[in-house]
Amino acid sequence: MDRDPSTTGTGRRSLLGGFLVLTAILSVVSIVAMVRSLATMTYLNIHFRTEVDPFSRAVSYYVFYGDGREAFATSAIVLAAGTLTTLVGLRSAGLRLGVPAGVFFAIWCVSLTLCAIFPTDNSKSVTSVSGLIHQVSGAALFVSLPLAGLSLAKRLVERVHWARVGRAVRRMAQVAMALATAYLATRLADVFPGLAIPGMLDGRGISGLVQRALFGLEMLILMALAVHLLRVTVSTARERREPARAEVTG
């Protein structure tokens, strides 16, 4: 039995329209989640600025003051959720992450979740299993997102509507990778107490500042992807609406 071409075309347009709506919803949820995470982290930086020196101490130490533990965990988990919705949105829009980017994004999300569940030790050295898990996860998350960005950017620059943001993500990921390396270098004296590091090369005094700059840049990478996903989705919806109107008027 032959199908009516007009019915088939209408069904296909409805399906594409459904994917556009889903992608738009996912991108908006991602943006809201990232703004929420950023707002919470900003609150911690301002509210506990006297308890936790933002220049020399990591954001992990907020968990030892007031409502810091709940706020820190919320920020990390919401950011992981926002990352997941962004990735699902990208796939819904027809973008394939590729295995390397997918693995690095998975490490980022898992590491954020582990950092939220297992607090660090309130000391310069690792003294508990929880502290060890937190430190390893923290190192993994700060390195994994820049690598995910670099891997994903290779695919984005090949797409007409994504080339510009792909180049931006690549540049930010390169800077983030440099900051991640610098941050890990500033923590060497804490990780290896017996390591002889000259005073002028001891970066512990600025380790907190480097970490916050890195974390902020990584959030900016994710935000750029989510915002552009929404822009592309809205633009595609408008382009699809024009032929539909022409058919109706015709």
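Residues numbered from 1 in each chain as written. Predicted model: local features only at pLDDT ≥ 70, side-chain atom pairs only at ≥ 80, totals over all residues. Heavy atoms only, no water.

1. With respect to the nonpolar core
Ranked by internal contacts, the top residues of the largest apolar core, which has 55 residues, are Phe105 and Trp108. When residues in this core are grouped by element, the largest group, 12 residues, is from helix α7 (residues 207-249). Aside from chain neighbours lying at most four places away, what touches Phe105 is Thr83, Leu87, Leu145, Ala148, Leu152, Leu222 and Leu225. (Core = buried A, V, L, I, M, F, W, Y, C linked by side-chain atoms within 4.5 Å. Buried < 20%, exposed > 50% of the residue type's maximum accessible area, 1.4 Å probe, protein only. Helix = DSSP H or I, 4+ residues; strand = E, 2+ residues; numbered from the N terminus. Contact = heavy atoms within 4.5 Å.)

2. Here we look at helix α3 (residues 99-117)
Since there are 3.6 residues in each turn of an α-helix, residues three or four apart along the chain are aligned in direction. Given a rise of 1.5 Å per residue, 19 residues ought to cover 27 Å, and the 27 Å separating the end C-alpha atoms of α3 matches this to within 8%. Within α3 the residues assigned to the buried category are Ala101, Phe105, Trp108, Cys109, Ser111, Leu112, Cys115 and Ala116. Buried residues along α3 cover an arc of 160 degrees about the axis, so they all sit on one side. (Expected span 1.5 Å × (residues − 1). Arc of directions from axis to C-beta.)

3. A look at the packing of helix α2 (residues 68-92) against α3
It is at 8 Å that the axes of α2 and α3 come closest, and there the two elements cross at 160 degrees. Compared by their axis directions, α2 and α3 come out roughly antiparallel. Regarding α2 and α3, the two cross each other, and that crossing is left-handed. Here Arg69, Phe72, Ala73, Ala76, Ile77, Leu79, Ala80, Thr83, Leu84 and Leu87 of α2 lie close against α3, whose contacting residues are Phe105, Trp108, Cys109, Leu112, Thr113, Cys115, Ala116 and Ile117. (Axes fitted to C-alpha atoms, helices over the stretch in contact; angles between N-to-C directions. Parallel < 35°, antiparallel > 145°, perpendicular 65-115°, else oblique. Left-handed = near helix turned anticlockwise from the far one by under 90°.)

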